[in-house]
Amino acid sequence: MKQLLAILVDGSVYASWLFIISAGLTLIYGVMRILNMSHGSFYALGAYSGASMVGWYFSTGSVPWLSFVVLIGAALAAGVTVGLLVERGLLRFMYGRDEVVMILVTYAVLLIMEDAIKLIWGVEPYFAYQPYTMLGRTKFMGLTFANYDFMLIGVSILIGLALWYGLNRTRNGKLLRVIIHDREIAGALGINVSKIFTITFVIGAGIGALAGALTAPGLSVVPGMGIEVIVLAFAVVVIGGLGSISGALVGALIVGMARATAVHLYPEVELFVIYAVMGLVLAFRPQGLFAVANARKI
Amino acid sequence: MSALLKTVNLERTFGAVIAATDINIEINSGEIVGVIGSNGAGKTTFINMVTGYIQPSDGDILVRGKSIIGKSPREVSLAGVGRSFQIAQLFQELTVLDNILIAHGFSVDRKLNFLKPLRSADKVGKVRSVLREYEIEEYANEVVSTLPQGVRKLLDIAMAMLSKPGLMLLDEPTSGVAVEDKFLLMDTVMAAIRKSNAATLFVEHDMEVVLRYADRVLAFYDGRVLADGPTQKVLSDPKVQELVVGHHLDLSDVKYATKKDSDHA
Amino acid sequence: MSKRSLALLLILGVATLVGGLLLPNWMSYLFTIAMGKGLVVLGLVLLMRAGLVSFGQGLYYCLGAYVAGMLTQFAEVTDVLLILLASVSFSVVIAAIIGLLLCRYREIFFAMFSMAFSMILYGLLVRNQVLGSTDGFNVANPSLLGWAPGPEGASNLVLAVAVLLVFTLGILAWRYLKSLSGYAGEAVRENEIRLEYLGGSVFKIIYVKYIIAAGLAAIGGTVTALVSGHVDPEMAYWTTSGEFVFIALMGGTGHVAAPIIAAVLFESLRTYASAVAPYTWQMILGFALLAIILFLPSGLWSLVERFQNKKPRKAP
C-alpha cells in the first residue's frame, strides 16, 4: 500500500516533469513539422542558466523566496534569446526541407550548443539546491515527500492550462492550430506563417529551458543532461501523438507511471519499460493516441 | 466460368459521407469499360477498393471468383489486377529504363536477387521491347522527373501491364496529357491491352475518348452506378446526360482523330 | 565485374595491407579503427539509399564489440574467425527481432526509434556491474586458427582482417547495389506505393537492408574491440551513432568506397582536432554538419562524380 502511494506520487511528479519537457517539443513539431533534437540542449541551457544565477543570487544574501523568480527568469531569458537566435539565424532558411534533413539540422544545433554550454559554464557540476530545500518536506503515511516536487506538479498544470488557453482562446493560438492542420492552406489564407513559426519556436524553446531550470534544484547540473531527456521526451510525444498537447499530457502520465513502477520494482529496466509501453501503444494506434489526421495521397 | 471481376453490394462510407453504395457489377475478359462520373461521384473510391488500397465498409469484391476483401494492394496485384494512376506513380529520380527494370523484377521475376545485376543484357532487351511497344523507347535513359506527362503516363501503364494482369484499371489515363496527344496515347495503350485480352476499366472525363475506346460504360453519380450498358446507349441516356455528362452530347457530332506519323507524346 | 577490375582491386587490396603494416603503430591503429567504422557506415549508406537514416547503428556496433570482448575474456575464445561469426550471428538475430517493429516506420520515427534502441542498450550496460558498467572491460588479444601472436602481432592481424573485410564486403556491397535488391532501396525511397502495386513488399526490402546494416555494424564493432583491446557502453551512446551519420553524410551515398574513405578522413581529422581544440570537437562537427547540409548535401563523393562529369545522385 505504501509502495503504491509512493509509485503514484513519484509517477505524478515524473509525469509533470515529462509534460513540461514534452509540451515544447510537440508544439514545435505540430506547427513547424520539425523534430527539434536540440530541445535537450535548451533544457540544459535552462538548467545551467537557472542554477548559476541562483547560485550567484544566494551569494548576494538577498530574500530567499525571490530565488524562484531568478531561477525561472534566467532560464526563460536564456531560452528565449537562444531560441530566437536559432530560429531567425538558421532554421528559417531551411523550411520546406525534408523532415529528416531538419532532424540533422537540429542535431547540428545540439552539437554546437552542447559545446557552447561547456565553454560558458565549464564541466564541473552546478548545484542549486536552495529552492529545493527551502520548501521543506511533508510526511504522509510513513513516506517523506519534498514539497518542491508538489510545486512541480502545480507548475505543470499551470503550463498545461496556459497552453490550452493560448491555443484555444487566443487569436494567435487559433492561427497556430490552423497551421498545425494544414500549413499550405494557412499560408494561402494570408496567415503570416513565418512570424508564427518564430513565436512557436521561441515558446517551445522557452518551455524547454524552463523545464531544465525547474529540474536543476533537485539534482546536479552536469554536461550531457539534455541528451537523455530527448530520448524520453520523444517517447512521450510519440505516445500522445506528434503535435498534440493533450497527447503529451496523457503520454506523460502513462510514461510517468510506467517509469515509477519500474524504478520501484525493477530499476534496471527503466528505459526499456518506457519504450515497451511506447511499442504497445503504437502497435494499436501507430499514429499515437491523439494524432492529427492525414489526408489521402492517391 | 466466373466473371473476372464481380462486386456484390459494394459500399464505402467515410463517417457520414457515402462515397460508394450498392455497387453490383460484373466484368469479363476482353471487355473494355469506360467509367464516367463527375468528381466525387465515387470512381476513384471504387478503383481504390478494387485494388485493395482501401477496404469496403460492406459488400464483397471477387476476382476470378475469389474474394479480395482484406488483401493489400500488393496481394491484389499478385492476384492479377493491374492499375495505373491519375498522377503517374513512378520512381522520379531514376531513369525510364531503371523504372521498368525494377517493375519487371518485381512483377514478373518476383525474386529478390541480391547479387545478380539488374541491368543484364537480356533483361534490358526484354524491357526495351516493351518500351518500344509503348513508343517511349527513345526516353530510356532520361530521368523521369524531366519528362512530359504523356511519356510518364505511358510508362506508368507499361509498368502496370508487365505482369500481364487479367484485369487492368486505368485511372484517368489521359488527364494532364495535351489534347492533341490523347488519342495517340490511347491508341498505343489500347493496342497493347487488346493483345493481352485483359479486361479493362478506364476512368475518363473526356467523352470523346470514352466513345472511341469503350464497348461498355459505367456511369457513377453520387456514389451509385447510375447506368451500366453499351457505350452509345448509356451516353444517350437523358439521365446520364443531365447528371454526369453535363450537357446534351450530340453523338453524331463526335470527331475522330487520326494517328499522326510525326513525333508525338 | 570484369577480370581486369578484379585484378586491380586485388593489387589495391594488397597494397593497402602492406602500406598499413608499414605505418607507424599509432597510424595503423587509427587506420584499423577507421576501417571498422567505415564498415558500420557502409551499412548505414545502404539504409540511407532507401531513404532511412538510422541514428542507432551504435547498437550493433556495441553488440559486436561486447560479444567479441565477452568471448575473449569470459569464454577464452580468441580466434578471430569464430569471434566474427559469433558477433555477426548475434547481431543479426537481434536485428531480426527489432526490425520486425522498427522497419514499419519511416523518416523521423525510424530515426528516433533506432536511437532509442541503442540508448536502451546503453542504459542496460551502464547499470550492469558484471560488464564493468561505465568503464567497460578489456579485450584479450585475438588469434587466428591456433596462431596466437603477441600484442604487436595481434594489431597486425586485426589490420589484415580489416583490410580483407573491407575489400570483400565492399565488392559484395557493390554487386548488391547493382542487383534488384539494391535498386529496390531507391525505389522505396522514391515511391513506396508504386512498389507495393508492383507486387514488391516494401517491409521485406527494408527489413533485409536493416539486418545487413546490423551485421556490418557488428563487424565494425568487433574490429574496433579487437584492435583497441577495450569495450565500453559509450559505443552504444547516441554520440557514436551520430558520428556514423556524420561520416555517411560527409562521404555521400554515391559509391561503396565513399564511407570507407570518409571514415579514414574523419578519424584523421578527429585525431588532429583533439590535439588542437579538444573541448570544441562537437561544435566543430555541428558546424561541419550544417556546412555539408547546406553546400554539399550529396557528400564528398559528389565532388568525385562531378569530376567524372556524372550528375551527383540525390541527397538522402
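Residues numbered from 1 in each chain as written. Chains lettered and ligands numbered in written order. Predicted model: local features only at pLDDT ≥ 70, side-chain atom pairs only at ≥ 80, totals over all residues. Heavy atoms only, no water.

## Considering the overall build of chain C
Thinking step 1. A tally of regular secondary structure across chain C gives 13 helices and two strands.
Thinking step 2. Scaling as 2.2 N^0.38, a compact globule of 316 residues should have a C-alpha radius of gyration of about 20 Å, and chain C matches this with 19 Å.
Thinking step 3. Reported as C-alpha extents along the three principal axes, the dimensions of chain C are approximately 55 × 45 × 40 Å.
Thinking step 4. Across the 316 residues in chain C, those meeting the buried criterion constitute 59%. (Helix = DSSP H or I, 4+ residues; strand = E, 2+ residues; numbered from the N terminus. Rg over C-alpha atoms; globule rule 2.2 N^0.38 Å. Buried < 20%, exposed > 50% of the residue type's maximum accessible area, 1.4 Å probe, protein only.)

## Considering the overall build of chain B
Thinking step 1. For chain B, the count of helices and strands is nine helices and ten strands.
Thinking step 2. Each of the three principal axes of chain B carries a C-alpha extent, and together these read 55 × 45 × 35 Å.
Thinking step 3. Within chain B, the proportion of its 265 residues that are buried is 54%.
Thinking step 4. Pairs at least 24 residues apart make up 66% of the contacts formed inside chain B by residues separated by at least 6 positions.
Thinking step 5. Of the roughly 11,400 Å² of accessible surface on chain B, 49% is carried by carbon and sulfur atoms. (Contact = heavy atoms within 4.5 Å. Areas by Shrake-Rupley, 256 points an atom, 1.4 Å probe, with all protein chains shown as cover.)

## Considering unusual backbone geometry
Residue and element names in this part refer to chain B.
Thinking step 1. Phi is positive for Glu172, which is not a glycine, with a value near 50°.
Thinking step 2. In this fold, Glu172 is placed in the loop between strand E7 (167–171) and helix H6 (182–196).
Thinking step 3. The buried category is assigned to Glu172, whose relative accessible area is 9%.

## Quick notes on empty space enclosed by the protein
The gaps of empty space that remain are located by a probe, the size of a water molecule, rolled over the atoms.
Thinking step 1. Overall, the coordinates contain six cavities of 30 Å³ or more when judged by the stated rule.
Thinking step 2. In this structure, the largest cavity is lined by 15 residues; those nearest its centre are Ser77(B), Gly82(B), Ala160(B), Ser163(B) and Tyr197(C).
Thinking step 3. Of all the secondary-structure elements, those providing two or more residues to the lining of the largest cavity are helix H2 (73–78), strand E6 (81–84) and helix H5 (149–161) of chain B together with helix H8 (192–197) of chain C.
Thinking step 4. Here the element with the most residues in the lining of the largest cavity is E6(B); it accounts for three residues.
Thinking step 5. Residues belonging to the lining of the largest cavity are distributed by class as follows: seven nonpolar, five polar and three charged.
Thinking step 6. As a volume, the second largest cavity reaches approximately 70 Å³. (1 Å grid on protein atoms, 1.4 Å probe; cavity = no way out; pocket = protein on both sides within 12 Å on 5 of 7 lines; lining within 4 Å. Points joined across faces, edges and corners; volume = space filled by probe spheres on them. Nonpolar A, V, L, I, M, F, W, Y, C, P; charged D, E, K, R; others polar.)

## Examining the packing of aromatic side chains
Thinking step 1. Within this structure, the stated rule accounts for 27 aromatic pairs over all chains.
Thinking step 2. Aromatic side chains Phe183(B) and Tyr213(B) sit 6.3 Å apart centroid to centroid with 40° between the ring planes, which places their arrangement in the tilted category. Taken together, the residues Phe183(B) in helix H6 and Tyr213(B) in helix H7 (residues 207–213) connect sequence positions 30 residues apart.
Thinking step 3. With a centroid separation of 5.6 Å and 85° between ring planes, the pair formed by Tyr66(C) and Phe137(C) is classed as edge-to-face. Remark: Phe137(C) occurs in strand E1 (residues 137–138) and Tyr66(C) occurs in helix H3 (residues 58–73); sequence separation between them is 71 residues. (Phe/Tyr/Trp six-rings, centres within 6.5 Å; stacked < 30°, edge-to-face > 60°.)

## Quick notes on the interface of chain C and chain A
Thinking step 1. Taken together, the 37 residues of chain C in the interface contact 42 residues of chain A.
Thinking step 2. At the boundary of chain C with chain A, total buried surface from both sides reaches about 3,700 Å², with 79% on carbon and sulfur atoms.
Thinking step 3. Looking only at chain C, the three residues that lose the most surface to chain A are Ile108(C), Met112(C) and Trp238(C), adding up to 17% of its buried area.
Thinking step 4. Between the two partners, chain C and chain A, sit three residue pairs in polar contact (both at pLDDT 80 or more).
Thinking step 5. Where the side of chain C that touches chain A is concerned, the elements lending two or more residues are helix H5 (107–126), H8, helix H10 (238–251) and helix H12 (281–295) of chain C.
Thinking step 6. Looking at which element gives the most residues to the side of chain C that touches chain A, the answer is H5(C), with eleven residues. (Buried area = accessible area lost by both parts, 1.4 Å probe. Polar contact = N/O pair within 3.5 Å; in protein donor to acceptor, adjacent residues only side chain to side chain.)

## Considering the pairing of strand E1 (residues 137–140) of chain A
Residues and elements named next belong to chain A.
Thinking step 1. Alignment of E1 against strand E2 (residues 143–146), held across four bridges, turns out to be antiparallel. Paired with Arg137 across the strands is Ala146, a residue of E2.
Thinking step 2. Taken together, E1 and the strand that follows it, E2, pair antiparallel across an intervening segment of two residues, in which Met141 is found at a positive phi of about 50°. (Pairing = 2+ DSSP bridges.)

## Focus on the environment of Asp232(C)
All names here are of chain C.
Thinking step 1. Among the structural elements, Asp232 can be located in the loop between strand E2 (230–231) and H10.
Thinking step 2. Assessed through its relative accessible area of 21%, Asp232 is described here as partly exposed.
Thinking step 3. Setting aside residues no more than four positions away along its own chain, Asp232 makes contact with Cys62, Tyr66, Thr134, Asp135 and Gly136.

## Some words on H3(C)
Thinking step 1. The end-to-end C-alpha distance of H3(C), which contains 16 residues, comes to 22 Å, matching closely the 22 Å that a straight helix rising 1.5 Å per residue would cover.
Thinking step 2. The element H3(C) is largely enclosed, with a buried count of 14 among its 16 residues. (Expected span 1.5 Å × (residues − 1).)

By themselves, these figures tell us nothing about what the structure is for.
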